[in-house]
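Residue-level structural notes
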Amino acid sequence: MTAQSIETAATEATAPQHGAELIVPLNRLKASPKNARKTPHNAATIEAFAASIRAKGVLQPPVVEVERDGEGVPTGNYLVTIGEGRRQGLRLLAKRKAIKRTHPVRVIVDADNDAHEISLDENMTREAMHPADQFEAFQRLAVEKGYGPEEIGARFGVSAHVVRQRLRLGSAAPELMAAYRDGTLALDQLTAFCVSEDRERQRQVLEQVGPHTPAYAIRRAMTEAKVRVDDRRVRFVGVEAYEAEGGAVLRDLFTEDGGGWLEDVGLLDRLVGDKLAGLAEEAREREGWKWAEAGLEYPDLSAFGRVYPVAVERSAADAAVIAALSEEYDRLVSETDAAEMLPPEVDARLEEIDKALQAFGPDFDYTPEARARAGIVVLLGHDGLARFERGLVRAEDAVAVAEPPPPFEDGAAEDVGTGAESETDRSRAEPEEAGAALSDRLVIDLTAHRTMGLRDAVQADAGAALATVVHALALQVFYPTYGVWTPLQLRMTVSGLERLAPGVEDGPAGRRVRDRCEAWGARLPERAGDLWGVVAGLAPSEQLDLMACCAGVGLYAVRDPHDRRPGALAQAETLAAAVGLDMTGTWSATTASYFARVSKARVLEAVTEAVNAVEAGRIAGFRKADMAEAAERLVEGKGWLPAVLRTAPAGAEEPGDDGEEAGAVTPPDDDAYAFAAE
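**Some words on empty space enclosed by the protein**
If you walk through the whole model with that rule in mind, you get two cavities of 30 Å³ or more. Considering only enclosed or pocket space, the largest cavity measures out at about 100 Å³ in volume. In this structure, the largest cavity is lined by 12 residues; those nearest its centre are Val307, Tyr308, Tyr479, Pro525 and Glu526.

Written out as structure tokens, the structure reads:
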């Protein structure tokens, strides 16, 4: 026997035998190249191993084999065949200096079995614990041991939020847990039931909706009497203010945004009303209005008259200072426009100029007389922000402006249109003067001739004709309570739409219409009698802009079965095509705006058109409320519109569709009226 063979035999004799338990320093444990798991453990798993080891030690010793060099001699290191995750957890603790690099680790030697095979066996023959068992085990630790979410999380290497989720699931009603174990309920359905800890409510909803209802529908049923935290009322008041008043919040532990529901709806509405009323009163006192009101819903502002701000008169000196400051501001901005950052001295000067200009006040403001008879309405917009509607005039506060009498030399004051004298004029006429007055018949005759002469003159002057039309329209839009101040027989009704479609006044199109009207209202005089001078002085392009503003406000294309106007509605379709009306930027199909208000067939038709027939078929068996909610999510962002809101290309014929929802209108000479009543 050679010396080398003698040394090898001696080494084998002293090497650990199969099944031996050893205490090995951590830095002597190495990963085995024969490990069947080639995909490494993720960071969360290693973190969980480290947390468990730190709290409870290594519960199951790793299985190792002796590492040997090229000549078969043991190196003193050990290859971890089973338990690589535990080794990684120990190394993580050592890296964090929670233990030493030489920390003693109890291991078991396997010298008989193939290392690769037992590694494969270890990973294949195990069965993970059912999640329900895990949820209940966490719940038991909390109840019996008194551990909080943070402590449980530290002991198992998971976040406190995950522990809270598992504790909530572990406290579910036994009926739910049993259904989850036998596969009747999926995990997302269980989490939907557990949005609330109320077991009785969980049982009620399970009985109502059954085990095959989608998770979102279960969640809605669990919270149907509550208000979501993204509701406009909640955004306005704030969850903190609500909770400060003792309001309870039901938090959703199972969504990424951590949403929830406010449970005391009455308290929320009271807080909204109080805050709106406070803002209204503050505005009234600060700005000097006669009255102020608060409203949760957008009112029909057409019920009010309106006054607008007027240009503020400034002294010549103030005007010169404002002009100089404005010119300097524009010059500094122009000179530094290309710079990524403004020089400090320029930035400081711009701020000084801005403050100086603000000190002069606004260029347009309401007069004291207007504030003394007008008011302000503060309401809650659909975006959760307070909206201030200023300059509103109640009917009893409207200024009654008597129309000037016709310039007849004899003092008669007959109504030109009918020949009838007003009651006021009769009361003012003295008996002896009445005998000398021209007869009604003669006045009618003479003024008819004068009217024809006026028609001829206006037809010959296109500029005067445009000004006359614009003047007549502006009177009816901006001075509706001031009486008739134009001889043009152009009558336009401004109809409010809010009562027909709540929220339409505060929608995208409604805000744009209101902004244009307010911009023109600020430029027009307060007195109706002064309007002609302003309109006549406008450039033709500005007159056209004002006419467009007024004409738009006067349009009314609402389909009402009790208001038969087939010709007008047909022209509305023609006009929509001419202006290229696209409602996709103004209206979108939601549960509230459409799907909850039409039949199931219409819902499925919409999903088929917007997405495809497969998705429509998938929701075909849903209950109506669930189908509407699912349809909203499916068509979101697709730009789908019901036929009644679609605009046909200019010159295209309207689709038939049997008169339903297609926008087709019966010709004017046909008394029948097609109206789609969903």
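**Observations concerning the nonpolar core**
Formed by 26 residues in total, the largest nonpolar core has its most connected members in Leu176, Leu190, Phe193, Val205 and Ile218. Only α5 (131-145), α8 (174-181), α9 (187-193), α10 (199-209) and α11 (215-222) provide two or more residues apiece to this core. Here Phe193 is in contact with Leu176, Leu185, Gln202, Val205, Leu206, Val209, Ile218 and Met222, once residues within four sequence places are set aside. Within the second largest apolar cluster, 24 residues are counted, among which are Val249, Ala374, Ile376 and Val393.

**Looking at unusual backbone geometry**
Negative phi is the rule for most residues except glycine; trans is the rule for most peptide bonds. Not every positive phi belongs to a glycine, and Lys97 is a case in point at roughly 65°. Of note, Lys97 is situated in the loop between α3 (84-95) and β5 (104-109). Here Lys97 falls in the exposed class, since its relative accessible area comes to 75%.

**Some details on the packing of helix α22 (residues 508-523) against helix α24 (residues 540-554)**
In contact at an axis separation of 10 Å, α22 and α24 are set at 130° when each is read in the N-to-C sense. With respect to each other, α22 and α24 are oriented oblique. α24 is crossed by α22, and the crossing has left-handed handedness. When α22 is examined against α24, the residues Val513, Arg516, Cys517, Trp520 and Arg523 are found in contact with a partner set consisting of Glu542, Asp545, Leu546, Cys549 and Val553. Class assignment of the residues belonging to the contact of α22 with α24 gives a composition of six nonpolar, no polar and four charged.

**Overview of the pattern of salt bridges**
Enumeration according to the criterion identifies 42 salt bridges in this entry. When salt bridges with common partners are traced through the structure, they connect Arg220, Arg623, Asp626, Glu629 and Arg633 into a single cluster.

**A look at the side chain of Asn77**
Examined against the element boundaries, Asn77 turns out to sit in strand β4 (residues 74-82). You can call Asn77 buried: its relative accessible area is 14%. Reaching out from Asn77, the side chain makes a polar contact with the side chain of Arg28 at a distance of 2.9 Å. Excluding residues that lie within four positions of it along the chain, Asn77 makes contacts with Arg28, Lys30, Val66 and Glu67.

Thresholds applied
- Residues numbered from 1 in each chain as written.
- Predicted model: local features only at pLDDT ≥ 70, side-chain atom pairs only at ≥ 80, totals over all residues.
- Heavy atoms only, no water.
- 1 Å grid on protein atoms, 1.4 Å probe; cavity = no way out; pocket = protein on both sides within 12 Å on 5 of 7 lines; lining within 4 Å.
- Points joined across faces, edges and corners; volume = space filled by probe spheres on them.
- Core = buried A, V, L, I, M, F, W, Y, C linked by side-chain atoms within 4.5 Å.
- Buried < 20%, exposed > 50% of the residue type's maximum accessible area, 1.4 Å probe, protein only.
- Helix = DSSP H or I, 4+ residues; strand = E, 2+ residues; numbered from the N terminus.
- Contact = heavy atoms within 4.5 Å.
- Axes fitted to C-alpha atoms, helices over the stretch in contact; angles between N-to-C directions.
- Parallel < 35°, antiparallel > 145°, perpendicular 65-115°, else oblique.
- Left-handed = near helix turned anticlockwise from the far one by under 90°.
- Nonpolar A, V, L, I, M, F, W, Y, C, P; charged D, E, K, R; others polar.
- Salt bridge = Lys/Arg side-chain N within 4 Å of Asp/Glu carboxyl O.
- Polar contact = N/O pair within 3.5 Å; in protein donor to acceptor, adjacent residues only side chain to side chain.

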